[in-house]
Amino acid sequence: MNIRSLSRGDGVVIGAAVLLLIASFLNLSSYGSANAWQSLALLMSVYLAGVIAAALIVTARALPQPRKVAGLELGQFGVALSVFAAWTAFWATLGSGGAGVGLIIGLIAALAQAGAAVATPLVPALKVALVGAPRPQAPGPYGGPAGGGTQGYGYPGAQQQGGYGYPGAQQQPGGPQQPGQGYGGQQAPAGESDAPVAGAAGATAAAGGPADFAPFWFAVPVARPLYGEEGSPSPIAELAPGTWYLAVEQRGAALIAQTQDGRRGILQDTTGIQRG
C-alpha cells in the first residue's frame, strides 16, 4: 500500500488503534489487575473493534474502487464500528465504579478514532496527505539532473532511454525516416519538412485540444477520482497524493491523466495540483 495515499485523519485513526491495542493489556479497574483480555465482551466491543475499524478504513482508502458489503462501503463499516467502540467505552467507563488506566486510555483512544473517522471527509485539514509528495529534482546542465544523480522512469525530468519510437531516438538504417529527411538521410526541402508538422498542429486544433498544450507531470493534494473518457459516471481509478501522474491532454478545465498502469481518464477537479 502506498503510504502517501493516507491522509492526516487516517493517521489519527491508525494511531488510536495502536493506543487501543496497548490499553487492552493495562488494568481495567483501579482496584484490580484484570485487563481487557480477561473480559471477552469488553475486548471485542471496544479494543479489537477499534483495531478492526482502523483496518477497514485504511483498506477502503487503498482500494482503487470502493468495495461494498450489504450495500455499504468498507470505509462506512469502519466508521460505524469506531463510533460503536467509542459509545461502548464511554458507558463502560461510567459504570466501572473505579476505572483503571486501561479503561481510561481506551476511552480516549476510541473517542479520538471515532472523531477522526467521522470528520476526515468533512474537515480539509484532515484530508491533507499524511506524507507530502516529493518535489521533482531540479534539472542540471543540458537537461540532466542536478548533482549528477539519475531518476527512474516515470518521474519529472527522468532520463528516458533512447529507443525506437521515442523522440530523439537514433533510427536504424532502413527504418522510418525522421521528419525533414529524405531517402538515405538527406535533408528534404523546407516546404516538404514543414508540411507534416503543420498538418499535425491543424489536426490538434480541429480536435478541440489546445494547440500549445504540452504533457506534464503533476501530483494531487488529496485523493481525487479519475473518470472514464467516455463519460462514465463511476470512477475508473483514484489518484493518490504523493504519486506523479502524466497529463496528456486538456479539455476545458479538466485534464486527461494517465496512471502508472497505463489507464487514462478525466480528472475533473484540478484545483491545487502540483506540477512537476
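Anything mentioned here points back to the structure above.
1. Section: the overall build of the chain
Counting its regular elements, the chain contains 6 helices and 9 strands. A total of 276 residues make up the chain; the buried ones form 32% of that total. Contacts in the chain between residues far apart in sequence, at least 24 positions, make up 59% of those at least 6 positions apart. Here the chain displays about 15900 Å² of accessible surface, and carbon together with sulfur accounts for 62% of that area.

2. Points about the pairing of strand E6 (residues 245-251)
One face of the sheet, then the other: side chains in a regular strand alternate in exactly this way. Of the pairings in the sheet, the one linking strand E3 (residues 216-219) to E6 comprises 3 bridges and is antiparallel in character. Paired with phenylalanine 218 across the strands is tyrosine 245, a residue of E6. Of the pairings in the sheet, the one linking E6 to strand E7 (residues 254-258) comprises 5 bridges and is antiparallel in character. What sits directly across from glutamine 250, in E7, is leucine 255. Between E6 and E7, which pair antiparallel and follow one another directly, the connecting turn spans 2 residues, one of which, glycine 252, has a positive phi of 65 degrees.

3. Focus: the pattern of salt bridges
Any two side chains of opposite charge can pair, so long as their charged atoms come close to each other. As enumerated under the stated definition, the model contains 6 salt bridges in all. Between aspartate 10 and arginine 61 there is a salt bridge, and its shortest N-O distance comes to 3.1 Å. Linking aspartate 10 in helix H1 (residues 8-23) with arginine 61 in helix H2 (residues 40-62), this pair joins segments that are 51 residues apart in sequence. The exposure class assigned to aspartate 10 is buried, which follows from its relative accessible area of 1%. The partner of arginine 224 in a salt bridge is aspartate 269, and the shortest N-O contact between them spans 3.4 Å. A residue pair is termed long-range when its members are at least 10 positions apart, and arginine 224 in strand E4 (residues 224-227) and aspartate 269 in the loop between strand E8 (264-267) and strand E9 (274-275) qualify at 45 residues.

4. Regarding the layout of surface pockets
Approximately 690 Å³ is the volume found for the largest pocket. Along the walls of the largest pocket sit 30 residues, with Ala60, Arg61, Glu73, Ala223 and Glu238 positioned nearest its centre. Among the elements of the structure, H2, helix H3 (74-94), E4 and strand E5 (235-239) are those that each provide at least two residues to the lining of the largest pocket. Of the residues contributing to the lining of the largest pocket, the split by class is 17 nonpolar, 6 polar and 7 charged.

5. Quick word on a nonpolar patch on the surface
A cluster of nonpolar residues, Val83, Val118, Leu122 and Val123, forms a patch on the protein surface that exposes about 330 Å² of accessible area. Its location among the elements puts leucine 122 in the loop between helix H4 (101-119) and helix H5 (124-127). Owing to a relative accessible area of 67%, leucine 122 belongs among the exposed residues under this scheme.

6. A look at the packing of H1 against H2
Geometry of a packed helix pair, given as the angle between the helix axes and the separation of the axes. Two numbers describe how H1 lies on H2: the axes approach to 9 Å, and their chain directions differ by 155 degrees. Considering the angle they form, H1 stands roughly antiparallel to H2. By crossing handedness, the relation of H1 to H2 is classed as left-handed. Mapping the contact onto sequence places Asp10, Val13, Ile14, Ala17, Leu20, Leu21 and Ala23 in H1 and Val46, Tyr47, Gly50, Val51, Ala54, Ile57, Val58 and Arg61 in H2. Of the residues contributing to the contact of H1 with H2, the split by class is 12 nonpolar, 1 polar and 2 charged.

7. Overview of the nonpolar core
Grouped together as the largest cluster of nonpolar side chains are 15 residues, with contacts concentrated most on Leu20, Leu28, Leu42, Val46 and Tyr47. Of all the elements in the fold, those that place two or more residues in this core are H1, H2, H3 and H4. A per-element tally of this core places H4 first, with 5 residues. Other than its neighbours up to four places away in sequence, valine 46 contacts Leu20, Ala85, Thr88 and Ala89. Counting 12 residues, the second-largest nonpolar core is a separate cluster that includes Leu226, Ala240, Ala247 and Leu255.

Criteria and cut-off values
In every chain, residue numbers begin from 1 and rise along the written sequence. Local features in this predicted model are restricted to residues of pLDDT 70 or higher, and side-chain atom pairs are both shown and tallied only at a pLDDT of 80 or more, whereas totals for entire chains, interfaces and linings draw on every residue. With hydrogens and water set aside, each side-chain value is computed from the structure's full complement of heavy atoms. A run of H or I in DSSP counts as a helix once it spans at least four residues, and a run of E counts as a strand once it spans at least two, with each numbered from the N terminus. To sort residues, take the accessible area from a 1.4 Å probe on protein chains only and compare it with the maximum for the residue type: under 20% means buried, over 50% means exposed, and anything in between is partly exposed. Whether two residues touch is decided by their heavy atoms; if any such pair falls within 4.5 Å, the residues are in contact. For the accessible areas, the method is Shrake-Rupley and the probe is 1.4 Å, while residue cover comes only from the protein chains on display. Following DSSP output, two strands are said to pair if at least two bridges run between them. Salt bridge, as applied in this entry: a Lys or Arg side-chain nitrogen positioned within 4 Å of an Asp or Glu carboxyl oxygen. The pocket and cavity definitions rest on a 1 Å grid over protein atoms only: a 1.4 Å probe that fits but cannot leave marks a cavity, an open set with protein on both sides within 12 Å along at least five of seven lines marks a pocket, and residues lining either have an atom within 4 Å of a point. Grid points are joined across faces, edges and corners, and a volume is the space filled by probe spheres set on the points. Polar here means any residue other than Ala, Val, Leu, Ile, Met, Phe, Trp, Tyr, Cys and Pro, which are nonpolar, and Asp, Glu, Lys and Arg, which are charged; Gly is therefore polar. Candidate patch residues must exceed 30% relative accessible area and have no salt bridge, after which like charges are joined if within 9 Å and Val, Leu, Ile, Met, Phe, Trp or Tyr side chains if within 5 Å. In this description, a line fitted to the C-alpha atoms serves as the axis of each element, helices being fitted only across the stretch in contact, and the angle between N-to-C directions of two axes falls anywhere from 0 to 180 degrees. Each angle gets one of four labels, with under 35 degrees taken as roughly parallel, over 145 as roughly antiparallel, 65 to 115 as roughly perpendicular, and the rest as oblique. What makes a crossing left-handed is the near helix being turned counterclockwise from the far one by less than a right angle; a clockwise turn instead makes it right-handed. Nonpolar cores are built from buried Ala, Val, Leu, Ile, Met, Phe, Trp, Tyr and Cys residues. Side-chain atoms within 4.5 Å join them into one set.

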